[in-house]
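Survey of secondary and tertiary structure
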Amino acid sequence: MPATVAQHLELRDRHGRVARDLRLSLTDRCNLRCTYCMPAEGLPWLPTADTLTDAEVVRLARIAVGTLGVDQVRFTGGEPLLRRSLEDIVGAVAALRTPGGTRPEISLTTNGLGLAHRATALRGAGLDRVNISLDAVERERYAQIARRDRLPDVIAGIDAATAAGLTPVKLNTVLMRGVNEDQAVPLLAFALERGHQLRFIEQMPLGPRHTWSRDAFVPSAEIRALLAARFALTPIGRDDDAAPATLWRVDPSPGLPGGTVGIIASVSEPFCGACDRTRITADGQMRTCLFSRTETDLRTPLRAGASDEDIAALWAGATWHKPAGHGIDDAGFEPPDRTMSAIGG
Ligand code: SAM
Ligand code: SF4
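Predicted model, so just to flag it, every value in this text is computed and none were measured. (Residues numbered from 1 in each chain as written. Chains lettered and ligands numbered in written order. Predicted model: local features only at pLDDT ≥ 70, side-chain atom pairs only at ≥ 80, totals over all residues. Heavy atoms only, no water.)

Re the pairing of strand 4 (residues 72–76)
Where burial is concerned, most of strand 4 is hidden: four out of the five residues are buried. Pairing geometry for strand 3 (residues 21–25) and strand 4, over five bridges, is parallel. Its bridge partner lying in strand 4, S25 is registered against T76. Judged from the four bridges that link them, strand 4 and strand 5 (residues 105–110) form a sheet pairing that is parallel. From the neighbouring strand, Q72 faces strand 5, where its bridge partner is E105. For the crossover from strand 4 across helix 3 (residues 86–94) to strand 5, the handedness is right-handed. (Buried < 20%, exposed > 50% of the residue type's maximum accessible area, 1.4 Å probe, protein only. Helix = DSSP H or I, 4+ residues; strand = E, 2+ residues; numbered from the N terminus. Pairing = 2+ DSSP bridges. Right-handed = clockwise from strand over helix to strand, strands pointing away.)

A look at the pattern of salt bridges
For the structure shown, the criterion picks out 26 salt bridges. Among the salt bridges present, the one from D337 reaches R293, with a minimum N-O distance of 3.7 Å. Of this pair, D337 sits in the loop between helix 10 (308–319) and helix 11 (340–343) while R293 sits in the loop between strand 13 (285–287) and strand 14 (296–297), and the two are 44 residues apart along the sequence. The network of salt bridges with shared partners includes D283, R287, E295 and R338. (Salt bridge = Lys/Arg side-chain N within 4 Å of Asp/Glu carboxyl O.)

A closer look at the site of ligand 1
Lining the immediate surroundings of ligand 1 are 19 residues, of which Y36, G78, E79, S133 and M204 lie closest. Between ligand 1 and Y36, the relevant distance is 3.0 Å, taken from an oxygen atom to a side-chain nitrogen or oxygen of the residue. One of the side-chain nitrogen or oxygen atoms of S133 is found 2.7 Å away from an oxygen atom of ligand 1. Surface burial for ligand 1 is 96%, taken as the share of its 540 Å² of free accessible area covered by protein chains. Counting residues per element, the ones that place at least two in the shell around ligand 1 are strand 5 and strand 7 (170–174). Taken together, the residues of the shell around ligand 1 break down into six nonpolar, eleven polar and two charged. (Near = heavy atom within 4 Å. Polar contact = N/O pair within 3.5 Å; in protein donor to acceptor, adjacent residues only side chain to side chain. Areas by Shrake-Rupley, 256 points an atom, 1.4 Å probe, with all protein chains shown as cover. Nonpolar A, V, L, I, M, F, W, Y, C, P; charged D, E, K, R; others polar.)

What to know about the site of ligand 2
The immediate surroundings of ligand 2 are formed by C30, L32, C34, C37, G78, N111 and S341. Its residues assigned to classes, the shell around ligand 2 comprises four nonpolar, three polar and no charged.

A look at the sheet that holds strand 12 (residues 277–280)
Pairing in this open sheet of twelve strands is mixed, and the strands run 9-10-11-8-7-6-5-4-3-12-13-14 from one edge to the other. Two strands in the sheet have a free side with no partner beyond their single neighbour: strand 9 (233–238) and strand 14. Lying over the sheet, helix 7 (residues 184–194) contacts strand 7, strand 8 (197–201), strand 10 (246–250) and strand 11 (259–264), oriented at roughly 150 degrees with respect to strand 8. Seen against the sheet, helix 8 (residues 220–228) touches strand 8, strand 9, strand 10 and strand 11 and runs at an angle of roughly 155 degrees to strand 11. (Contact = heavy atoms within 4.5 Å. Axes fitted to C-alpha atoms, helices over the stretch in contact; angles between N-to-C directions.)

Here we look at helix 7
Every buried residue of helix 7 is listed here: A184, L187, L188, A189, F190, A191 and L192. Buried residues in helix 7 make contact with helix 6 (151–163), strand 7, strand 8, helix 8, strand 10 and strand 11. Of the residues trailing helix 7, G195 is marked for its positive phi of about 80 degrees.

What about the layout of surface pockets?
Taken as a whole, the second largest pocket spans an internal volume of roughly 240 Å³. The wall of the second largest pocket is formed by 13 residues, among which L26, T27, T48, T51 and R83 lie closest to the centre. Classifying every residue of the lining of the second largest pocket by side-chain character gives four nonpolar, five polar and four charged. (1 Å grid on protein atoms, 1.4 Å probe; cavity = no way out; pocket = protein on both sides within 12 Å on 5 of 7 lines; lining within 4 Å. Points joined across faces, edges and corners; volume = space filled by probe spheres on them.)

Next up, the structure:
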């Protein structure tokens, strides 16, 4: 009976949204120190014993896909390529099936370091596509933002992902006022030349304390104005209802093909009403929102012998209380204690 009950569960909240997109963080560690995400000295990393094992990660993915209606799984971090067993985890998740018998779509958000050597194996294991973070195309500027001089490795990772068929390769950029606004046009030219989709993500108050302010983040309208100085843009809406990026068609221009560009305006034009995400941190805490100040511990029951049905019920029950919005504009807004890399972006 419990299995039958569980088959009818889904990750529905009291505002009518249903989560089908699982963000699974595989580690809180990273080999870069992007200024908007992490302090220069890094963070107090999770002890290995607190981090979900491969078997625990796959079990949670199996519960989500097999019972709770999830049909997309994205691995993130920290830097998910730091997980040596990533290929094995991807392979195990690719073998999962939804109750309808379909395989989940599997993607990866990465800084691209080391991807050059692993793209083919990851594709072979069942990875469908990648999003790669790239905040500048000038080497010095990249090094200033990431606090590591690694731009050539990232570009090698982008090229390897394309060659391996991990497409569409999407590039993610965070613009910061006075830091890399001048990179917006060269970044879009770089992406168009290579046939990638560039997406600008508005900087959110999820980095080191006191590094975000309303004056420092570059809102969507301003990003569009920066791009319009060089490119002709036509709005084409969102990919689908839940896709966070608003897309623009970019006309071909002298020396460059056309393409599309996206802006994820989480701060200036929140899309919480269409959110279809559920998140698991590297230490097995379920979060309904990046900005949640509460988490639901799935690791403890997992390790205490709870059944799949128990875990599914806990996950679904906590999702019911997902807040309507992230509340950045509310009086008294407090960012969560964990920053982006520890949550899983
Ligand atoms: N290390 C991988 C990477 O950089 O792609 C995956 C984890 S990272 C936390 C995921 C995404 O979050 C990246 O695209 C990164 O640019 C973005 N990010 C990190 N801190 C952010 C912030 N404060 N505001 C907006 N986006 C942020
Ligand atoms: Fe690492 Fe990604 Fe954060 Fe940069 S944005 S410090 S690559 S987790």
